[in-house]
Amino acid sequence: SSWPLGIARLKMPRDAPSRSTLKLAEALHLFVGGNEERILRTEMSAVDLGAATGGWTWQLINLGLHVKEFDTGRLQGDLVDNALVKHLREDGFRYRPKRPVDWMVCDMVEKPVRIAQLVAMWFREGWTERCICNLKLPRKKRLGAGERGRADMEGAMQRDGGARGGGEKRT
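To start, this report covers the structure provided alongside it. What you see is a predicted model, and the numbers here were worked out from it, not measured in a lab.

What follows is about the pairing of strand 2 (residues 66–70). It is a general feature of regular strands that their side chains alternate between the two faces of the sheet. Where strand 1 (residues 45–49) lies against strand 2, five bridges are found, and the strand directions are parallel. Note on strand 2: the bridge partner recorded for Asp-48 is Glu-69. In this region the chain leaves strand 1, passes through helix 3 (residues 55–61) and returns to the parallel neighbour strand 2; the handedness of that crossover is right-handed. Note that strand 2 and strand 3 (residues 85–88) share four bridges and pair parallel.

Following this line, the structure appears as structure tokens:
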């Protein structure tokens, strides 16, 4: 990591609805850094599963993406009336898009294996080409849970014929 001791030093944006926005900001910096113009373009579509209170959605709309978000909880702040946001108070595990989206992000509080299976399904079904998710690893056996989640997602992507969209790796 380019950060001292590998710890991200990001400043909390004043108008962000929650600190979770920093998790996505760090992930985008690490995984997208330098390719924003190609990978995160204005007018792209995104789905945010487990969106409440809206920290990840806030990050995406500030990059110009249109976000459809799913959570049984409520949004906070300016996101409620934002033209780039459509909030549906529904379970993100049940949502099935009618057409593919450019991005799927997921920060649901759920067992890592369920999130990994959900992400794998999104890739397998061709609903997205890009995803950032947060696996909430258990206190014990974190390494094993993380490795199983990654293996599940990679296995689904390989069965799907590998990466689409210019040969980008989708992990």
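What follows deals with the packing of aromatic side chains. This model, assessed by the stated rule, comprises three aromatic pairs. Ring centres of Trp-122 and Trp-127 lie 5.4 Å apart, and the angle between their planes is 85 degrees; on these two criteria the pair is classed as edge-to-face. Taken as a pair, Trp-122 and Trp-127 share a single burial class, namely buried. An aromatic cluster of at least three residues, connected via ring pairs, comprises Phe-70, Tyr-95, Trp-122 and Trp-127. Positioned above the aromatic ring of Phe-93 is the side chain of Arg-114, whose terminal nitrogen or guanidinium carbon lies 3.8 Å from the ring centre.

So, about the pattern of salt bridges. Summed over the entire model, instances satisfying the criterion amount to four salt bridges. For Arg-114, the salt bridge goes to Glu-110, with nearest N and O atoms at 3.1 Å. Exposure remark for Arg-114: the relative accessible area of 36% places this residue in the partly exposed category. Judged by its relative accessible area of 23%, Glu-110 falls in the partly exposed class. Counted as one network, the salt bridges with shared partners bring together Lys-23, Asp-107 and Lys-136.

Turning next to helix 4 (residues 112–124). The end-to-end C-alpha distance of helix 4, which contains 13 residues, comes to 18 Å, matching closely the 18 Å that a straight helix rising 1.5 Å per residue would cover. Of all the residues in helix 4, the buried ones are Pro-112, Ile-115, Ala-116, Leu-118, Val-119, Ala-120, Met-121, Trp-122 and Phe-123. Immediately downstream of helix 4, the backbone of Gly-126 shows phi near 75 degrees, a positive value.

So, how was this worked out
Residues numbered from 1 in each chain as written. Predicted model: local features only at pLDDT ≥ 70, side-chain atom pairs only at ≥ 80, totals over all residues. Heavy atoms only, no water. Pairing = 2+ DSSP bridges. Helix = DSSP H or I, 4+ residues; strand = E, 2+ residues; numbered from the N terminus. Right-handed = clockwise from strand over helix to strand, strands pointing away. Phe/Tyr/Trp six-rings, centres within 6.5 Å; stacked < 30°, edge-to-face > 60°. Buried < 20%, exposed > 50% of the residue type's maximum accessible area, 1.4 Å probe, protein only. Lys NZ or Arg CZ within 6 Å of the ring centre and 35° of its normal. Salt bridge = Lys/Arg side-chain N within 4 Å of Asp/Glu carboxyl O. Expected span 1.5 Å × (residues − 1).

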